[in-house]
Every structure is written in C-alpha cells, then in structure tokens.
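Tertiary structure, described
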There are 2 protein chains.
Amino acid sequence: MTDTAPRPTLEAVAARAGVSRATVSRVVNGGDGVRERLAERVRKAVDELGYVPNQAARSLVTRRHDAIAVVVAEPEARVFADPFFARQLRGISKELTAHDNQLVLLLTEGRDDHARVGRYLAGGHVDGALVFSLHLDDPLPKLIRSAGIPAVFGGRPDWNGDQRGVLYVDVDNRGGARDAVRHLAGLGRSRIAHITGALDQTSAVDRLDGYRDVMVDADPRLIVESDFTPAGGERAMRELLARRPDVDAVFAANDLTAAGALRVLRESGRRVPDDVAVVGFDDILPVAEQTEPPLTTVRQDIEEMGRLMARLLLRELDPRAAEERVGGTPSSVVLPTTLVRRASA
Amino acid sequence: MTDTAPRPTLEAVAARAGVSRATVSRVVNGGDGVRERLAERVRKAVDELGYVPNQAARSLVTRRHDAIAVVVAEPEARVFADPFFARQLRGISKELTAHDNQLVLLLTEGRDDHARVGRYLAGGHVDGALVFSLHLDDPLPKLIRSAGIPAVFGGRPDWNGDQRGVLYVDVDNRGGARDAVRHLAGLGRSRIAHITGALDQTSAVDRLDGYRDVMVDADPRLIVESDFTPAGGERAMRELLARRPDVDAVFAANDLTAAGALRVLRESGRRVPDDVAVVGFDDILPVAEQTEPPLTTVRQDIEEMGRLMARLLLRELDPRAAEERVGGTPSSVVLPTTLVRRASA
C-alpha cells in the first residue's frame, strides 16, 4: 500500500496513556517496576493506537530476533521441484513455530547470489541459520562464519575442511547404500550398477562409498555419474544400457533418479524387477509409491532431520540450555536408515 | 558452527590498512573523497580479513536492506503442495535477483502465526512485502500497514474495505470464468455446474460471479462450494453427481480441483468430454497436460504476475522512480486470461 498510515510512536502512546515515555518503554519491553494500574493504561493505549514496538531497537537490547534463516544451496526452481526440500522444511517449520520463531527462507537463483545471502545473515536480521544441500567449495560456510551467527547444517558440510565446532544432522548414507546393494546381491544379482548423485555433495560421495564397500571389484563402467534429478537419472540409465546391456540391477542415489531410470528401462523393453532390479534412496512419497513398479528404497526420516536441525540450533541459542551442557559441546547427529521393500527389487 | 570466529571489526581493517576508521568507513560505504591508492589498501585489508560491513548500522543510514519479504497466507505445507505458489515465486525471485534484492520468504504453519510475521515485517529486516493468497478477515493487511512498509498484493486483497492506495496485481478472474462457461455453452451443454474455490478469497468470488454472468438462472444445486485442492475437487464432484446426476459440464475454479473432479467422473464410469465436459482455471503445468484427458483451461500468466508484483514494489522503493511519477500514484494491474483448448472440453 502506498499511503502507509504514519506509524504510531512511543510518544503518542505516552501522551494517550498520560504517562512518561520511560513508563511506556518499560511496559512494552516487559520490564518490571510499573504499577499495574499504569501498565493497564499503557496496554490500552497500545491497543487503541495499534502501536508496534520497534523490534530493531528492542533487539539491540535482547540480541534476539526470534527468527531463523533457512538457506538451501540450490536455485529456487530446484527447491520447489524436489520434494526432499519441502519435507525437510516441514520439519523445520513445525519445530520453529512450536518455539514461536519465524522461519525466514532465503531463496536464490544460484551460487552467484550466496554473497548477498551472506550479507543478509550478517545484517542482524536472524539469530542463526539452517543450511542444507551444500556443494563442494560453496562460499556459504565461510560467509556464515564471518556473519558471526551459529549455524546447523543438513548433511555433513565439507569432508576435507576443519570440522571442529561444525554442527550438522546427517543420515547414515554409507550404511544405507550398503544395505541397498547387499539386498540386490541377496536377490542373486551380480552385475549391480550405481547411478551416483551430485558428487560435489557428501551425501552422494558417501552413498558411492557404500556401494563400493560391497562391490569391491565392480567394473567401473557400472558406475555412472549423475545429479539427483529425474532427467539425470534418464540420461545415466541410457548411458548404462549402452555400456553394459547385461546389467541386472541398479542402485540409484535417490528416488527421483530411480524414477528416471525406471522410465528408460521400460522404454528399452526390460521388465523390472525380472530383468533389472532397482533400488532408490530417500523414500520420498508419493514418488516412491507411484513409480511403475513401486520402488524398493532406503528410507531416511527427512522431516525428522529438519526438526532435529531446528532443535539443535535453538539449543545453541538458549543460554540456559548452554549452561546445562556440563563441559561438553552439543554434538552432530547421524540418523539411521531402513530398507523399504516394494516391487522394484 | 559453535566456535564462530570473532567477526573482524572496522578497527582491525583500519589497523591493517594503516588508515583511519573514517577512511575505512567511507570506502566500505561507497563514499567519495578517498584517494584511489588508500582505497585500494582498504579493499585489500577487507579481503584479507574477510570483513563484512555491519549492514544493520549501514541501513540506519541508507534505510534500505535490499531485502523483500514474501508472505503467502497459507500454511507451509500448502505452499509446497500447490504449484501455483512455486510459479509465482519463480517470477518474484527472478525479478528481485535481477535487482540484487534478497527474497525473504516468511513461512508459517497457519493464520495464528501472522502476528509473528507482522512483528518481523515491523522489525526493520525488509524494505517491503509481497503478499499473496489472502483470505477474508486476515489480519495481515492491517499488520503490514502498522509495520509502515510498502506492500504489493497478489490478487485483490479485500473487496469491502478501503482500497485507496492498496497496490495489487490480479488477473481478470471474472472475464476468464465467463469465457470458460461460454465455451461449455458453445459445445451445446446446458446443465453446466461450477465447483467454486475457497469463497473467502476474491479470486474464487470473482470466478463464481463470472459463472453467474453467463448462467443467470442456474439451478443452485449446480454450484458446489470447494477449496482449490484436489481432494476438495473430488468431494465436490461426488456431491454434484448425487445432486444432479444429469450434469453435462463442469467449470472448476482451478486445475487442481478439476483434476480431482476428473478422477471421480472416471470412477463413476462417465466419459470426458462425451458425457461431461470439464474446464479448469490456471493452466498449471504439468498438471493440466497430464490429467486424463488433458485439461481445457483458462490460462493466466502466473510467473508474470509474480514478476509484476516485484517490479511494482521496487518502483515504490526507488525514490527516483517516485519523482518521475508526475502527480500520480503507481496503479494496480489486472492481467488478461486466455482459454487453452485441450481434450476435456
């Protein structure tokens, strides 16, 4: 709206209530030492005038904004196209709302915008940050460190750098991948391929490591690099069929990739699981239930990951909780996975 | 991270560059009057220390945060489930990024959280707000007015209240609805039903008015109230078949509702369009192309709506643009619609 009504001032409230500015300030900021009769008059004047306390000024005192930034290190279009992020945000949103903290989602068009995100984080607008889907060499962790606010990462953020004091919530990607490949081997499959995720992310590297733990001397042609997207899964499956037409099983790095692979297998006339068995990762619904055939996959509790990230950060921000930590630092969390059997393997 | 490195100060930069605090401040804030050789030294020190200027302090001077809030007056789960919002956000994100403004999406679990959103908007964290999917009696417009920041609404915000100075971008909902119903009548259908949207939103009311413009003496049983969701569309279609089994056409208030209605029609053994013709609204892809059969619908350019909302708000915030407005106020925009014919009608 253009004719924004002039915002009522502290002075206006004081005048209406017939008290001093200092009295209004004490009441508004929840301070003590004001007689109830006066406090009542101030609250009435605040209501009548629609006075909104200046949070910026107030937060200079309390140093809390009751707002938490969420940064997904992916372009906005990907955030909305991949149900993984929606699920994680659901967990975060529920936890933050339960603690009356505002979820501030900072969207970008890509990595070029991360410096601007860093400026916003440093600008005194939020108390902390929840960051996920980091890629190798992303400047975000350094920007967040410079911003001087605490952060919790979704997924182990950086496998070579200094890990001290970095808090994250991750899932046992390597163990889950081992379960998937062992399941395929248990079905009698021997030419088990792996379509990887984006290998500049630790989750993809860990899942590849899990595959290699079981397939110690796999033909390198059975490993095709991809990017966690359905279109990437289609491309990888075509490449795989060209390299090794005799492939009899595929472990895909996530369900979206598996869905793309299933489409290409169907086009090529192969039956799933009879000719080629397929296992995904995530158990993203409804995707995993609606593929043709429904997908056997490694389940991780994505919403719970989001909730835990938020909980860990709120604990960091609560000085009382900090005191309760007897000489220790709060620690990162790695959640277990479970194999969910459907029809594809 | 817990051991956040101490944030480098202006003083540290001054010491490293061997200049005064004031010189650093002038260079960092883009001011003039510093010799290039000195400015170069300051910039080098800024880089080496990873100094981030204090935006909070800076914005007290410039009064700009280069950040725009987006508020969708729907629970977080709905924002991610309905592709309409993703599309609108895409337009907003592109426009804001092109002007190096940070998109700050404020998510909530529901209307109970709108007071907290109002506090964030009033807290000096953003320059303005883009608000969409308002419902009747939502406290948000009033909270935004109290926050004293300019806003642009997606969709006409309130049909009874004072409209002066309220900026919005809308689509010709009534005209689009008329086109849809006239198209069905042109196919020779006479028992044309309407499944409404959520009638506490102006878009739904306008589409119902457009239906009534053409069906001036429609049997009231042909109008079933719904809520813009696929599940709502299914319920409404069942109700409609119970009330008027002879219905021969349906105009659904949006594509998601139409998709739900199509499922129920198929279950009931009716052929579309032979027995019942169906028209939607939005032209949300891929939904409208993937229904069975593909959906005839009223197209609105949702991404363009988002872009225009952002553009209108940035113009409000640019004092130069404000000067260029010769005695007038920037005005709200109503975009046209077009009927897209596919197989369902």
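All of the points below concern the structure found in this document.

Thresholds, definitions, all that
Residues numbered from 1 in each chain as written. Chains lettered and ligands numbered in written order. Predicted model: local features only at pLDDT ≥ 70, side-chain atom pairs only at ≥ 80, totals over all residues. Heavy atoms only, no water. Least-squares fit on C-alpha atoms with pLDDT ≥ 70 in both. Contact = heavy atoms within 4.5 Å. Buried < 20%, exposed > 50% of the residue type's maximum accessible area, 1.4 Å probe, protein only. Helix = DSSP H or I, 4+ residues; strand = E, 2+ residues; numbered from the N terminus. Pairing = 2+ DSSP bridges. Axes fitted to C-alpha atoms, helices over the stretch in contact; angles between N-to-C directions. Parallel < 35°, antiparallel > 145°, perpendicular 65-115°, else oblique. Left-handed = near helix turned anticlockwise from the far one by under 90°. Nonpolar A, V, L, I, M, F, W, Y, C, P; charged D, E, K, R; others polar. Buried area = accessible area lost by both parts, 1.4 Å probe. Salt bridge = Lys/Arg side-chain N within 4 Å of Asp/Glu carboxyl O. Polar contact = N/O pair within 3.5 Å; in protein donor to acceptor, adjacent residues only side chain to side chain. Phe/Tyr/Trp six-rings, centres within 6.5 Å; stacked < 30°, edge-to-face > 60°. Lys NZ or Arg CZ within 6 Å of the ring centre and 35° of its normal.

Quick look at the relation of the copies chain B and chain A
The operation relating chain B to chain A is a screw motion whose rotation component is 180°, with 0.1 Å of axial translation and a residual RMSD of 0.2 Å. Look at the turn and shift together and you get a two-fold axis relating the two. By C-alpha distance to the rotation axis, the residue of chain B lying nearest is Leu105(B), at 2.4 Å. A share of 98% of the interface residues of chain B reappears at the interface of chain A, consistent with the copies meeting face to face through the same patch.

What about the pairing of strand E2 (residues 102–107) of chain A?
Two faces make up the sheet, and in a regular strand the side chains alternate between them. With 6 of 6 residues buried, E2(A) lies mostly within the body of the structure. Here 5 bridges tie strand E1 (residues 67–72) of chain A to E2(A), and the two strands are oriented parallel to one another. Looking at the pairing, Val71(A) lines up with Leu106(A) of E2(A). As paired elements, E2(A) and strand E2 (residues 102–107) of chain B share 5 bridges and run antiparallel to each other. Residue Leu107(A) lies in a different strand from E2(B), and its bridge partner there is Leu103(B).

Quick word on the sheet that holds strand E7 (residues 223–224) of chain A
All names here are of chain A. What the 6 strands build is an open sheet, ordered E7-E6-E8-E9-E10-E12; its pairing is mixed. Looking at which strands have only one partner, the edges of the open sheet turn out to be E7 and strand E12 (338–340). Across 2 bridges, strand E6 (residues 192–195) lies against E7 in parallel orientation. Along E7, the bridge assignment pairs Ile 195 with Val 224. Each of E6, strand E8 (249–252), strand E9 (277–282), strand E10 (296–299) and E12 is contacted by helix H9 (residues 173–186), which is oriented at about 165° to E9, the strand it contacts most. This element, helix H10 (residues 202–214), spans E6, E7, E8 and E9 of the sheet and lies at about 170° to E6.

Details of helix H7 (residues 114–122) of chain A
Residues and elements named next belong to chain A. Burial of H7 is extensive: 7 of the 9 residues sit out of reach of the surface. Among the residues of H7, His 114, Arg 116, Val 117, Gly 118, Tyr 120, Leu 121 and Ala 122 are the ones counted as buried. Gly 124, located one to two residues past H7, shows a positive phi value of around 75°.

A word on the packing of helix H9 (residues 173–186) of chain B against helix H10 (residues 202–214) of chain B
Residue and element names in this part refer to chain B. For the pair H9 and H10, the least separation of the axes is 7 Å and the interaxial angle reads 40°. Taken together, the axes of H9 and H10 lie oblique to each other. For the pair H9 and H10, the sense of crossing is right-handed. Together, Asn 173, Arg 174, Ala 177, Arg 178, Val 181 and Arg 182 of H9 and Ser 203, Asp 206, Arg 207, Asp 209, Gly 210, Tyr 211, Asp 213 and Val 214 of H10 make up the contact between the two elements. Partitioning the contact of H9 with H10 into residue classes produces 4 nonpolar, 3 polar and 7 charged.

Topic: the interface of chain B and chain A
With 58 residues of chain B at the interface, the matching set in chain A holds 57 residues. Of the roughly 5100 Å² buried between chain B and chain A, counting both surfaces, carbon and sulfur atoms make up 55%. Our count for the chain B to chain A interface comes out at 6 salt bridges. Among the salt bridges present, the one from Glu76(A) reaches Arg90(B), with a minimum N-O distance of 3.6 Å. Scanning the region where chain B abuts chain A turns up 17 residue pairs in polar contact (both at pLDDT 80 or more). At the level of elements, helix H4 (55–62), helix H5 (76–81), helix H6 (83–98), E2, helix H7 (114–122), helix H8 (140–147) and strand E4 (151–154) of chain B are the ones that each hand at least two residues to the side of chain B that touches chain A.

A look at the packing of aromatic side chains
The description of two aromatic rings rests on the distance between their centres and on the angle between their planes. Counted under the stated rule, the structure contains 5 aromatic pairs over all chains. The interplanar angle of 20° and the centroid separation of 6.0 Å between the aromatic rings of Phe85(A) and Phe132(A) together place this pair among those described as stacked. Here Phe85(A) is found in helix H6 (residues 83–98), whereas its partner Phe132(A) is found in strand E3 (residues 128–132), with 47 residues between them in sequence. Both residues of the pair, Phe85(A) and Phe132(A), belong to the buried class. An aromatic cluster is built from Phe84(A), Phe85(A) and Phe132(A), whose rings are joined through pairwise contacts. Just above the ring of Phe281(B) sits the side chain of Arg207(B); from NZ or CZ to the centre is 3.8 Å.

Points about the sheet that holds strand E11 (residues 333–335) of chain B
Strand order in the open sheet made by the 12 strands is E11(A)-E5(A)-E4(A)-E3(A)-E1(A)-E2(A)-E2(B)-E1(B)-E3(B)-E4(B)-E5(B)-E11(B), with mixed pairing throughout. Both outer strands of the open sheet, strand E11 (333–335) of chain A together with E11 of chain B, are each paired with one neighbouring strand and no more. Recorded for the sheet is a direction-independent mean angle of 20° between the axes of neighbouring strands. With respect to the sheet, H7(B) is in contact with E1 and E2 of chain A together with strand E1 (67–72), E2 and strand E3 (128–132) of chain B, its orientation differing from that of E2(B) by roughly 155°.

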